[in-house]
Amino acid sequence: MSLSFEGRVVLVTGAGGGLGREYALAFAARGASVVVNDLGTDTKGGGKSSAAADTVVEEIRAKGGKAVANYDSVEDGEKLIQSALDAFGRIDVVVNNAGILRDRSFARTSDLDWDLIQRIHLRGSFLVTRAAWNHMKNQKFGRIIMTASAAGIYGNFGQANYSAAKLGMLGLSNTLAIEGSKYNVHCNTIAPLAGSRLTENIMTPDLVASLKSEYVAPLVLWLCHEQCQENGGLFELGGGWIGKLRWERSQGCTVRKKNQPMTPEAVRDQWDKICDFTNAIKPTSLQESFQSVVSVLPQLDSEGDIGTNPTAAAAASSASSINPSEVVGQKLPPTTFSFDHIQCILYALGVGMSTKDPDHLRFLYEGHESFSCLPTFGVIPAQAAMMGGGLSSIPGLDIDFTQVLHGEQYLELYKPLPTSGTLTSEATIADILDKGSGALILLDVNTFNGNELICYNQFSVFAVGAGGFGGKRTSEKAKAPVPPPKRAPDAVVIDSTTRDQAALYRLSGDWNPLHIDPSFAAMGGFKAPILHGLCSFGFAARHVLKQFADNDPSRFKAIKVRFAKPVMPGQSLQTEMWKEGNRIHIQCKVKETEAVVLAGAYVDLHGTSEASPETVTQAGGLQSELVFAEIGRRIKDVGSELVKKVNAVFGWEITNDGKTAAQWTIDLKNGSGSLHKGPYSGKADVTFTVSDEDFMEVVQGKLNPQKAFFSGKLKVKGNIMLSQKLEVILKDYAKL
Ligand code: NAI
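The shown structure was predicted, so the numbers you read here are calculated from the model rather than taken from an experiment. Residue numbers restart at each chain and count upward from 1, following the sequence in its written direction. Two thresholds apply to this predicted model, a pLDDT of at least 70 for residue-level local features and 80 or more for giving and counting side-chain atom pairs, whereas whole-chain, interface and lining totals are computed over all residues. As a convention, hydrogens and water are excluded, and side-chain values are obtained from all of the structure's heavy atoms.

A. Examining the pattern of salt bridges more closely. Here, a salt bridge means any side-chain nitrogen of Lys or Arg that lies within 4 Å of a carboxyl oxygen of Asp or Glu. Inspection of the entire model under this criterion finds 24 salt bridges. When the shortest N-O distance is used, the salt bridge between lysine 66 and glutamate 6 registers 3.5 Å. Of this pair, lysine 66 sits in strand β3 (residues 66-70) while glutamate 6 sits in the segment before β1 (9-12); the two residues are 60 residues apart in sequence, bridging distant segments of the chain. Close ionic contact of lysine 589 with glutamate 576 constitutes a salt bridge, the shortest N to O distance being 3.2 Å. With a gap of 13 residues between them, lysine 589 in strand β19 (residues 583-590) and glutamate 576 in strand β18 (residues 572-580) connect regions that are remote in the sequence. No difference in accessibility class separates lysine 589 from glutamate 576, as the two residues are buried. Ionic contacts of the salt-bridge type, sharing partners, join the residues Arg8, Arg90, Asp92 and Glu226 into one network. Secondary structure counts use DSSP, requiring at least four H or I residues in a row for a helix and at least two E residues in a row for a strand, with both numbered from the N terminus. Buried, partly exposed and exposed residues are distinguished by accessible area as a fraction of the type maximum, computed with a 1.4 Å probe on protein chains only: under 20%, between the cut-offs, and over 50%, respectively.

B. Main features of the site of the ligand. Surrounding the ligand, one finds 30 residues, the nearest of these being Leu19, Asp38, Asn97, Tyr162 and Ser196. Two N or O atoms form a polar contact when they lie within 3.5 Å of each other; inside protein one atom must be a possible hydrogen donor and the other a possible acceptor, and for residues adjacent in sequence the pair counts only when both atoms belong to side chains. Contact distances for the ligand include 3.4 Å between an oxygen atom and a backbone N or O atom of glycine 99. One of the side-chain N or O atoms of lysine 166 is found 3.0 Å from an oxygen atom in the ligand. For the area figures, the Shrake-Rupley method with a 1.4 Å probe applies, and any residue is considered shielded solely by the protein chains shown. Across the complex, the protein chains shield 97% of the 820 Å² of accessible surface that the ligand would expose by itself. At the level of secondary structure, the elements contributing two or more residues to the shell around the ligand comprise α1 (18-29), α4 (111-139), α6 (160-180) and β6 (185-193). Near, as used in this document, describes a residue that has one of its heavy atoms within 4 Å of the molecule or strand being considered.

C. Summary view of the environment of lysine 472. Here lysine 472 is to be found in the loop between β15 (452-464) and β16 (491-496). Between the C-alpha atom of lysine 472 and that of isoleucine 432, which follows or precedes it by 40 residues, the distance is 8.0 Å. Here a residue-residue contact requires only that any non-hydrogen atoms of the pair lie within 4.5 Å. Residues contacting lysine 472, with those up to four places away along its chain left out, are Asp431, Ile432, Leu433 and Asp434. One polar contact links lysine 472 to aspartate 431, side chain to side chain, over a distance of 2.9 Å.

D. Seen up close, a nonpolar patch on the surface. Only residues whose relative accessible area exceeds 30% and that form no salt bridge are eligible for patches; like-charged ones are grouped when within 9 Å, while nonpolar side chains (Val, Leu, Ile, Met, Phe, Trp, Tyr) are grouped when within 5 Å. A surface patch of nonpolar side chains, amounting to about 440 Å² of accessible area, comprises Phe709, Phe710, Ile720 and Met721. Within the secondary structure, phenylalanine 709 sits in helix α22 (residues 705-710). In this structure phenylalanine 709 comes out as partly exposed when scored by relative accessible area, which is 31%.

E. Structural view of the nonpolar core. Side-chain atoms within 4.5 Å are what join buried Ala, Val, Leu, Ile, Met, Phe, Trp, Tyr and Cys residues into a set we call a nonpolar core. Core analysis: the largest hydrophobic core is formed by 53 residues, its most contacted members being Leu374, Phe377, Tyr505, Phe537, Ile559 and Met577. Top element by residues in this core is helix α19 (residues 533-549). It accounts for 10 residues. Once residues lying within four places of it in the same chain are set aside, the contact partners of phenylalanine 537 are Thr376, Val379, Gln409, Leu411, Ile559, Val561, Phe563 and Leu598. If you look at the next biggest cluster of nonpolar residues, it comprises 33 residues, including Tyr23, Val216, Val220 and Leu237.

F. Local environment of α6. Working rule for helices: expected span equals 1.5 Å times residues minus one. The end-to-end C-alpha distance of α6 is 30 Å, a good match for the 30 Å that 21 residues give at a rise of 1.5 Å each. Considered for burial, the residues of α6 that qualify are Asn161, Tyr162, Ser163, Ala165, Lys166, Met169, Leu170, Ser173, Leu176, Ala177 and Gly180. Looking at the buried residues of α6, the elements they touch are β4 (93-96), α4, β5 (142-147), α5 (150-154), β6 and β7 (234-238).

G. Focus on helix α14 (residues 341-350). Burial analysis of α14 places eight of its 10 residues in the buried class, the great majority of the element. Inspection of α14 places Ile342, Gln343, Cys344, Ile345, Leu346, Tyr347, Ala348 and Gly350 among the buried residues, and these make up the whole buried set. The backbone nitrogen of isoleucine 342 has a side-chain oxygen 2.9 Å away, supplied by the residue at the start of α14, namely aspartate 340.

H. Highlighting the packing of aromatic side chains. What counts as a ring pair is set by centres within 6.5 Å for rings of Phe, Tyr and Trp (its six-membered ring), and what kind of pair is set by the plane angle: stacked under 30 degrees, edge-to-face over 60, tilted for all other angles. Taken as a whole, this structure holds 13 aromatic pairs when the rule is applied. Between phenylalanine 628 and tryptophan 652, the ring centres sit 6.2 Å apart and the planes meet at 70°, which makes this aromatic pair edge-to-face. Of this pair, phenylalanine 628 sits in helix α20 (residues 624-646) while tryptophan 652 sits in strand β22 (residues 648-656), and the two are 24 residues apart along the sequence. Accessibility expressed as a relative area gives 0% for phenylalanine 628, which makes it buried. A centroid spacing of 4.6 Å and a plane angle of 10° characterise the contact between phenylalanine 628 and tryptophan 664, whose relative ring orientation is stacked. Of this pair, phenylalanine 628 sits in helix α20 while tryptophan 664 sits in strand β23 (residues 659-668); the two residues are 36 residues apart in sequence, bridging distant segments of the chain. Residues phenylalanine 628 and tryptophan 664 agree in their burial class; the two are buried.

I. Seen up close, unusual backbone geometry. In the Ramachandran plot, asparagine 184 falls in the positive-phi region, its phi being about 60° despite a non-glycine side chain. Structurally, asparagine 184 is set in the loop between α6 and β6. Owing to a relative accessible area of 24%, asparagine 184 belongs among the partly exposed residues under this scheme. For asparagine 551, which is not glycine, the phi dihedral falls at a positive 60°. Mapping asparagine 551 onto the fold places it in the loop between α19 and β17 (556-563). Looking at asparagine 551, the relative accessible area reads 4%, which means it is buried.

J. Geometry of the packing of α1 against helix α2 (residues 51-62). Simply put, an axis is a line fit to the C-alpha atoms, just over the touching stretch for a helix, and the angle between two N-to-C directions goes from 0 to 180 degrees. Contact geometry of α1 with α2 gives a least axis separation of 10 Å together with a crossing angle of 25°. What the angle tells us is that α1 and α2 run roughly parallel. The hand of the α1/α2 crossing is right-handed. For the pair α1 and α2, contact is made by Arg21, Ala24, Leu25 and Ala28 and by Val56, Glu59 and Ile60, respectively. Each residue is assigned to one of three groups, with Ala, Val, Leu, Ile, Met, Phe, Trp, Tyr, Cys and Pro labelled nonpolar, Asp, Glu, Lys and Arg labelled charged, and all others, Gly among them, labelled polar. Classifying every residue of the contact of α1 with α2 gives five nonpolar, no polar and two charged. Note on angle classes: values under 35 degrees are labelled roughly parallel, values over 145 roughly antiparallel, values of 65 to 115 roughly perpendicular, and the remainder oblique. In this scheme the crossing of two helices becomes right-handed for a clockwise turn of the near helix relative to the far one and left-handed for an anticlockwise turn of less than a right angle.

K. How the structure looks around the sheet that holds β3. We call two strands paired when DSSP finds no fewer than two bridges between them. With mixed pairing, eight strands are arranged side by side in an open sheet as β3-β2-β1-β4-β5-β6-β7-β8. Where the open sheet ends on each side, the last strands, each with one partner, are β3 and β8 (241-245). Across this sheet, the average inter-strand angle for adjacent strands is 20°, counted without regard to direction. Direction of pairing for β5 relative to β6: parallel, over a ladder of six bridges. By the bridge assignment, glycine 142 is partnered in β6 with valine 185. Contacts from α2 reach β2 (33-37) and β3 within the one sheet, and its direction differs from that of β3 by about 175°.

L. Looking closely at the state of the cysteines. The rule for a disulfide is simple: a pair of cysteine sulfur atoms within 2.5 Å. For the structure on display, the rule yields zero disulfides. In this model cysteine 228 remains outside any disulfide bridge; the closest cysteine sulfur is found in cysteine 224, 8.4 Å from its own.

The following block contains the structure:
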């Protein structure tokens, strides 16, 4: 099928000659209505004439095409777009093509040479495109072409002004491609080569004749067609050949060393490696580019490679000897850990937080008004102390470090963690126990922010095969696990880990290949790499934080867990919680196998909220929960007023994946109003059933409740008239 532009309105700037004329003719030949813009200048921007545009318009019309002329400069961007709207009522395609040259060696480039070139090429393209932008966005279709040049990409003697402007247009195009993509507004850049009055003095006549402008037009037409999904591309072309360009970056190398100043000498010494393009990387977005830069930070800012390994699969070893009196009380060399919001966010993602849950945003977005660090991030600065290899240098502790397992973890916070800074951790061997099959080392790590102690960790490390040294079996220094109460849990949260959970979590500093490398995992007796025990620990802790502490990190006091069995990335974690005063007991299972993976675990909170018992929240919680929490607060504040205004009881059934996920009752009839979660004992005047998603749409004002009702998205039982009062209650939450 040939590509038609019937019904499309195309503006080509500088279309009175050269390449622009070719585009205008080609678009018109395929049915487009074309605005032929040209100021009619000479190649340096001097003079002005309507003849150039008129001639092309006549040519198009003579062939039965539709075209109008526009004689404004691209610096009057709005006027050009207005011409399109006046003549044809819309604008679909903008080809930014107008251009002039003011070539000079750099030393001789005047202000005017510089400014004129920027104004016509870069600023002109900006102004014309901006004038078209909202029309394109609103109609959810738009195609934009920027005309760059090889001179900008590679540089060219005598074209400093032009090179700068032309590559500026590429930068502009890169960002427009991102901003426009969700509106089907695409922007691409071409660097053409064609014989024209601009190039006739630098090319041989033969070349001018053979590099015809008509060989450039087909790419421009394809990029501007609705079928073409290319966006943000850069193409070089001429004479019928077309190629695409992209960025390539050397693998590079890190020249900074842990705890040492970074020097220019280190850069010099690594120069060949920095510039070596073997196995080069081809980043395609800022995120990809950024990621490879930040991924080195954890390596530099934490250490070591002895990882957490919640299993008992390793074989016994006899190559150990332990002298407890020598070992206990030994201090490891202090370690420092520098971090900023990036590590906090990476950690939050690593333990499964997601923007799907609006209340996770405070842990994922540094611009959030309550941006916070997850409390369990407190293990990260401390683990550097354990993994830094310090244990192996302790005299009297001769154990096989390949057989070391992470058995238990205790973390206590003395204040909420900062979201950036440099923390120092001091580790001491608190005790060492003889468990027969192995030795249990209790490593206490105090972490300081300056002089202030902010958290304490106890790592219980099990050295398989290192038992039998005649030591004691228990210690009063051990933070012991506590079994949960023997009754049904008060709350259960089921949350899935992703296939890449371990790959993501390790970026927070636990580089043990057991969690990523299949062959390494096989050596440890696992079918596949396993999830970090401290990752499941993070999942469970945040489930408690959400369920019982409104996600408020300042309410978090301490957590203890015993790692009972490994979790495979991709499995679902089921956290069962029992509230006993300020202590929330937890047990975490793999949902698919029912295997208990975190046992004897608990979280201690400062002053628990009256969280609802019998709550089962599926996969990361409901968005509507937030809104109801807000409604609850509002009722507390102005309940009596609302009761007067509304005088009704509203029942809500929030569904998720077609099943009832939560029930709420907003009682604005009795007393001073109340909000109740769970089955309601009284009778609601009206009950609404709606999915979590649609509920949010309604609340955010994106879905009109009446429309939702008529389309079946909102089901109403009871006094339907009362739904009119809904907006009174919900509209205040639109800002959520
Ligand atoms: P051209 O000189 O034949 O066409 C440019 C047109 O733009 C002229 O008709 C001129 O009157 C018009 N124009 C100049 N200033 C204007 C303004 N302020 N407002 C409206 N119209 C204006 O040149 P050619 O070769 O067709 O170039 C088209 C574009 O392609 C230019 O942006 C040029 O920089 C670019 N380009 C061309 C290459 C080539 O090999 N021909 C190489 C790389 C880039």
